[in-house]
Amino acid sequence: MPEQDDRIVLWRNTIQLFYQYNRPNFVGPFKAAGFRYNVEPLFLSSEQGKDLEPDIVASCETGWLILELTTQPRSKEPKLDRYRSIDPRDLSQYGLSVHDGEPDVMTSRLSDNVGDGPYCQITVDNILKIEKEEYLLNKRLKDELIKAEGMDLRRLPEIPIAIIPEMAGKWKEIRRGLIEIVMQVFDPNSDGKTPVQLVDDGLERLSDKIRPAVRSRLISKVNNAMEDLIQNHLYEYLEFKDGRYRATEKFKTHHKTMEFIALRLKEWSGIPQTIQAPLFESE
């Protein structure tokens, strides 16, 4: 599943740049510059009044920025041009500092083989790379990015983001993001998970950074996916009861059963697998 893996890596590595860690000693350049961020907020164009929904918007005392995250090879210059027209008055409704001027508009990619026009581009595949920083308006941001260039992002603690907001329209990606979370339901100490918990676990630190409407769409998508999982793939072992997805009474912890469930989940998510019937110990 290379496409989904790439997008998850892109989001994880980009988000890392807004955080700091003591071990290893790491301060992300956006964190060092004082930026706080929001994911897929809804803005209006200050000229045409049209809806604009950037991937990440962030602000601090010295300015604000817009980040477009993409794994697509084509140039994002037309979209970045539109982002420059975002009306900054709406920053306050997302808990971000309001500024009068234009934002710094940037792209984040896993490779640097395309041109995105007169916009700064960061590359976050393993080693942080900065290009076209001369187009940045915010000097503090520019200085921190230049200072951070060359950071090895593989040394950082892996953040367990498995679901991203833009998955709301892609059923296969939603299902792939749910595999490890659903497996946790079969832990002997688990009392199940509510639909909201499934989504929040998948979003991890993004869960309080997205709009309620986007979160609601994800919850609905997850519920639809889980209903299909129960009815057509794991009806003997998984159920929705008392508002939670939980293991059925028939389920007994056994390595062959767990292997069967894991294979069923991969099949359900669109990953080709050879499924074998589980072997049960006699009771």
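Residues numbered from 1 in each chain as written. Predicted model: local features only at pLDDT ≥ 70, side-chain atom pairs only at ≥ 80, totals over all residues. Heavy atoms only, no water.

### Things to note about the overall build of the protein
Per the secondary structure count, the protein includes eight helices and twelve strands. For the protein, the spread of C-alpha atoms along the principal axes amounts to about 70 × 40 × 35 Å. Here the protein holds 283 residues, and 48% of them are scored as buried. For the protein, the accessible surface area stands at approximately 14,200 Å², while carbon and sulfur atoms represent 45% of it. Side-chain charges in the protein split into 40 positive and 47 negative, and the spacing between the mean points of these groups amounts to 1 Å. (Helix = DSSP H or I, 4+ residues; strand = E, 2+ residues; numbered from the N terminus. Buried < 20%, exposed > 50% of the residue type's maximum accessible area, 1.4 Å probe, protein only. Areas by Shrake-Rupley, 256 points an atom, 1.4 Å probe, with all protein chains shown as cover. Lys, Arg positive; Asp, Glu negative; His and termini not counted. Charge placed at Lys NZ, Arg CZ, Asp CG, Glu CD.)

### A few points about the packing of helix α5 (residues 171–185) against helix α8 (residues 255–268)
Remark: α5 packs on α8, axes separated minimally by 9 Å, with the N-to-C direction vectors making an angle of 165°. As the angle between them shows, α5 and α8 are arranged roughly antiparallel. Where α5 crosses over α8, the handedness of that crossing is right-handed. Touching W171, R175, L178, I179, V182 and M183 of α5 are M258, I261, A262, L265, K266 and W268, all from α8. (Axes fitted to C-alpha atoms, helices over the stretch in contact; angles between N-to-C directions. Parallel < 35°, antiparallel > 145°, perpendicular 65-115°, else oblique. Left-handed = near helix turned anticlockwise from the far one by under 90°. Contact = heavy atoms within 4.5 Å.)

### A word on the nonpolar core
Among the nonpolar cores identified, the biggest contains 67 residues, and F30, I122 and L178 are the most heavily contacted of them. Of all the elements, helix α7 (residues 212–232) adds the most residues to this core, at eight residues. By size, the runner-up hydrophobic cluster in this structure holds 13 residues, among which are V57, W64, I86 and L96. (Core = buried A, V, L, I, M, F, W, Y, C linked by side-chain atoms within 4.5 Å.)

### Some details on the sheet that holds strand β3 (residues 36–39)
Overall, mixed pairing links the six strands, which are arranged β3-β6-β7-β8-β9-β10 in an open sheet. Of all the strands in the sheet, just β3 and β10 (129–131) have a single pairing partner and so form its edges. On average, adjacent strands in this sheet sit at an angle of 25° to one another, irrespective of strand direction. In the sheet, strand β9 (residues 120–123) pairs with β10 via three bridges, with the strands oriented antiparallel. Directly across from I122, in β10, lies its bridge partner I130. Relative to strand β8 (residues 104–109), helix α4 (residues 139–148) is tilted by about 20°, and along the sheet it contacts β7 (63–69), β8, β9 and β10. (Pairing = 2+ DSSP bridges.)

### Digging into the pattern of salt bridges
Scanning all chains against the criterion turns up 21 salt bridges. Between E144 and K147 there is a salt bridge, and its shortest N-O distance comes to 3.6 Å. Pair noted here: E144 and K147 are both in helix α4, with a separation of three residues, about one helical turn. Each of the salt bridges in this network shares a partner with another, and the network as a whole consists of R7, E166 and E173. (Salt bridge = Lys/Arg side-chain N within 4 Å of Asp/Glu carboxyl O.)

### Concerning the layout of surface pockets
Considered as a void within the structure, the largest pocket measures approximately 440 Å³ in volume. Lining the largest pocket are 22 residues, and of these R12, A162, R176, G177 and E180 lie nearest its centre. Secondary structure elements with two or more residues in the lining of the largest pocket: α1 (2–16), α5, α6 (195–203) and α8. In terms of residue count, α5 provides more of the lining of the largest pocket than any other element does, seven residues in total. Grouping the constituent residues of the lining of the largest pocket by class yields twelve nonpolar, four polar and six charged. (1 Å grid on protein atoms, 1.4 Å probe; cavity = no way out; pocket = protein on both sides within 12 Å on 5 of 7 lines; lining within 4 Å. Points joined across faces, edges and corners; volume = space filled by probe spheres on them. Nonpolar A, V, L, I, M, F, W, Y, C, P; charged D, E, K, R; others polar.)

### Observations regarding the confidence of the model for the protein
Overall, the predicted model of the protein reaches an average pLDDT of 91, with 93% of residues at or above 70. Segment residues 275–283: pLDDT under 50, and 14 contacts once partners within four positions in sequence are set aside and those in other chains are kept. (pLDDT = per-residue confidence, 0-100.)

### Quick notes on the side chain of S108
With respect to the helices, strands and loops of the structure, S108 is situated in strand β8. Judged by its relative accessible area of 0%, S108 falls in the buried class. At a separation of 2.8 Å, a polar atom in the side chain of S108 contacts the side chain of T14. S108 has contacts with L10, T14, L67, E68, L69, T70, I122 and V124, leaving out every residue within four places of it along the chain. (Polar contact = N/O pair within 3.5 Å; in protein donor to acceptor, adjacent residues only side chain to side chain.)

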